[in-house]
Amino acid sequence: MQVPQLLLDTLEDQCDDYFKRFVWYLTTCNDLLDGCSPIRKARLQNPSREDAVTEMINSYGEESAVKVTAVILRKIGNNNSAANLEKSYAATPSTSSSVAAPPVAAPPVAAPPVAAISAQNGSVIIAPSVTGGTSGAWNITINK
C-alpha cells in the first residue's frame, strides 16, 4: 500500500473528535519530531482527512509524515492505531526504512589519460603539469 493511502486509512479510522485533536497537534506542537515544524494553521483550516495527508507529505515527506502521525496518535491516546500504522508502514515494500539498502560504493576513479607531447628534430618541450580535472576542451597558446 502506498504511504498516502496508508495515512488516509489511518486518519479515516479516527472519529471526528480525535481527528480535530490530531490537527490541533499538527498545527501547534513544536516537539513532534526533530526537524518537523508545525504546519501553518492557515493550511489546515477545516481540513478533510485528505487535506491533512497531503499537507503532512508536502511538509515532511512520506517517512516523516508516518512518524509524525504515529507520535500524534500516541499523544491523543490512540496507541493501537499508532502501532498498526508503524507495522503497516514497515511492511510496505516501497519504504526505505523496512529494508536498509546496502551502501553504494563510489565508482572507481579512472586514471587520468596520459597526454603525449612529442618534439621533432631534438627539440625540447617545456609544458605545465596539469592536475585535477583534465577533461574537456583546452586552448593552448604557444608564443615564440
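In this text the structure is predicted, and so the values were computed from the model without any measurement.

Here we look at helix 1 (residues 3-12)
Among all positions in helix 1, only Val3, Leu6, Leu7, Leu8, Thr10 and Leu11 are buried. At its buried positions, helix 1 is contacted by helix 2 (16-28), helix 3 (49-60), helix 4 (62-75) and helix 5 (79-91).

Comments concerning unusual backbone geometry
What you tend to see is this: most non-glycine residues have negative phi, and most peptide bonds are trans. The phi dihedral of Asn46 is positive, around 50°, even though this residue is not glycine. Structurally, Asn46 can be placed in the loop between helix 2 and helix 3. You can call Asn46 exposed: its relative accessible area is 78%.

A closer look at the pattern of salt bridges
This structure, assessed with the given rule, holds 4 salt bridges. The residue Glu55 makes a salt bridge to Arg43 at a minimum N-O spacing of 3.5 Å. Of this pair, Glu55 sits in helix 3 while Arg43 sits in the loop between helix 2 and helix 3, and the two are 12 residues apart along the sequence. Ionic pairing is found between Glu63 and Lys67, a salt bridge with its closest N-O pair at 3.4 Å. One end of the pair is Glu63 and the other is Lys67, both in helix 4 and 4 residues apart, which spans about a single turn. Here Glu63 falls in the partly exposed class, since its relative accessible area comes to 28%.

Notes on the confidence of the model for the protein chain
Within the protein chain, residue pLDDT values average 79, and 65% of them lie at 70 or more. Within the protein chain, helix 5 has the poorest average pLDDT of any element, 92, and helix 1 the best, 94.

Calculation notes
- Residues numbered from 1 in each chain as written.
- Predicted model: local features only at pLDDT ≥ 70, side-chain atom pairs only at ≥ 80, totals over all residues.
- Heavy atoms only, no water.
- Buried < 20%, exposed > 50% of the residue type's maximum accessible area, 1.4 Å probe, protein only.
- Helix = DSSP H or I, 4+ residues; strand = E, 2+ residues; numbered from the N terminus.
- Contact = heavy atoms within 4.5 Å.
- Salt bridge = Lys/Arg side-chain N within 4 Å of Asp/Glu carboxyl O.
- pLDDT = per-residue confidence, 0-100.

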